[in-house]
Amino acid sequence: MPIPKFNTLKCGCVPVNIENIDTDQIIPARFLKAVERKGFGDNLFRDWRYDKSGNLIAEFPLNDRRYGGAILVGGKNFGSGSSREHAAWAIYDYGFRVVVSSFFADIFKNNALNNGLLPVQVSEEFLKKLFAAIEANPGATCTVDLENQTFTHSCGESARFEIDGYKKECLLNGYDDVDYLLSIKPKIELFEQTRA
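Residues numbered from 1 in each chain as written. Predicted model: local features only at pLDDT ≥ 70, side-chain atom pairs only at ≥ 80, totals over all residues. Heavy atoms only, no water.

Caption draft 1: How the structure looks around the overall build of the protein chain. Within the protein chain one finds eight helices and eight strands. Radius of gyration (C-alpha) of the protein chain: 18 Å, near the 16 Å computed for a compact globule of 196 residues. Dimensions of the protein chain along its principal axes, counting C-alpha atoms only, are 65 × 45 × 25 Å. Looking at the 196 residues of the protein chain, the share that counts as buried comes to 46%. Looking at the protein chain, you have 23 positive and 26 negative side-chain charges, and the mean spots of the two groups are 2 Å apart. (Helix = DSSP H or I, 4+ residues; strand = E, 2+ residues; numbered from the N terminus. Rg over C-alpha atoms; globule rule 2.2 N^0.38 Å. Buried < 20%, exposed > 50% of the residue type's maximum accessible area, 1.4 Å probe, protein only. Lys, Arg positive; Asp, Glu negative; His and termini not counted. Charge placed at Lys NZ, Arg CZ, Asp CG, Glu CD.)

Here it is, written out as structure tokens:
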């Protein structure tokens, strides 16, 4: 599945104000039966979105019509637990392009970046302000500017985030690792010629 180019995203946010969200809560193990990245979004946060009878739990943020957009805002320590790449697949397949938190598990963060999902790490103070701003105005928008590495809420609060330069270039150009290598093929060939 090709990764679309990412530069600037302006949209609403869906807040899941829960700390220590692990990969089994993001996509429960019983749904890891496919090897393609399709269909996992249907079971994103399955045990929090649905009750035991399969009915939607209205108060869960993904089911709350006040919230919408391609930005998921999670509590501190997002993506801990197992290394399953399916967690990033599920979030992306559901329609999110950005996940915001004050801390990400390293493996989740890398899996996200490898699958076109941008993890934006902000300070705990900024995250608290962001949750408060979304609660006060659920329809407000945020802007994610990857080129300048900034995250801005329409209320005026803004934060800068860090990202590995290589992963940033890949997201800006819609590259996976193979696409990136193909993009620098002439440089590789020139290097090989000078070493012959």
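Caption draft 2: Looking closely at the nonpolar core. The biggest cluster of nonpolar side chains holds 53 residues, and the ones touching the most others in it are I71, F78, I91, V100, F108, L118 and V144. Among the elements that take part in this core, helix α3 (residues 86-94) stands out by supplying six residues, more than any other. Beyond its immediate stretch of four places on either side in the chain, V100 contacts I71, L72, V73, G74, V120, V122, L127, L130 and F151. (Core = buried A, V, L, I, M, F, W, Y, C linked by side-chain atoms within 4.5 Å. Contact = heavy atoms within 4.5 Å.)

Caption draft 3: View of the pairing of strand β2 (residues 13-16). Residues C13 and P15 line one face of β2 and the alternating positions V14 and V16 line the opposite face, and both faces are buried. As judged from the four bridges shared by β2 and strand β3 (residues 71-74), these two strands associate in the parallel manner. Bridge pairing links P15 to V73 in β3. (Pairing = 2+ DSSP bridges.)

Caption draft 4: Representation of the side chain of S101. On the secondary structure map, S101 appears in strand β4 (residues 98-101). S101 gets classed as buried once you look at its relative accessible area, which sits at 0%. A distance of 2.7 Å separates the side chain of S101 from the backbone oxygen of G75, its partner in a polar contact. Residue contacts for S101: discarding those within four places in its chain leaves G74, G75, K76, N77, F78, V120, Q121, V122 and L127. (Polar contact = N/O pair within 3.5 Å; in protein donor to acceptor, adjacent residues only side chain to side chain.)

Caption draft 5: Representation of the pattern of salt bridges in the model. What the rule picks out here adds up to eight salt bridges. The closest approach of N and O atoms between R84 and D24, which form a salt bridge, is 3.0 Å. In this pair, R84 sits in the loop between β3 and α3 while D24 sits in helix α1 (residues 23-26), placing the two residues 60 residues apart along the sequence. According to the relative accessible area criterion, R84 is buried, its value standing at 16%. The partner of D47 in a salt bridge is R30, and the shortest N-O contact between them spans 2.5 Å. Placement of D47 in helix α2 (residues 46-49) and of R30 in the loop between α1 and α2 is noted, with a sequence separation of 17 residues between them. On the accessibility criterion, D47 (43% relative accessible area) is partly exposed. Via salt bridges that share partners, E125, K129 and E157 belong to a single interconnected network. (Salt bridge = Lys/Arg side-chain N within 4 Å of Asp/Glu carboxyl O.)

Caption draft 6: How the structure looks around the state of the cysteines. This model, assessed by the stated rule, comprises zero disulfides. Among the cysteines around C11, which has no disulfide bond, C13 carries the closest sulfur, lying 6.3 Å off. Taking relative accessible area as the criterion, C11 reaches 13% and is therefore assigned buried. Unpaired in this structure, C13 has its nearest cysteine sulfur neighbour in C142, at a distance of 3.4 Å. (Disulfide = S-S within 2.5 Å.)

Caption draft 7: Region of interest: the packing of aromatic side chains. Within this structure, the stated rule accounts for eleven aromatic pairs. With 6.2 Å between their ring centres and 15 degrees between their planes, F104 and F108 make a pair best called stacked. Of the two residues, F104 and F108, neither departs from the other in class, the shared state being buried. These aromatic residues form a ring-pair network of at least three members: F45, W48 and F60. The positively charged end of R97 is found above the aromatic ring belonging to Y92, 3.7 Å away from the centroid. (Phe/Tyr/Trp six-rings, centres within 6.5 Å; stacked < 30°, edge-to-face > 60°. Lys NZ or Arg CZ within 6 Å of the ring centre and 35° of its normal.)

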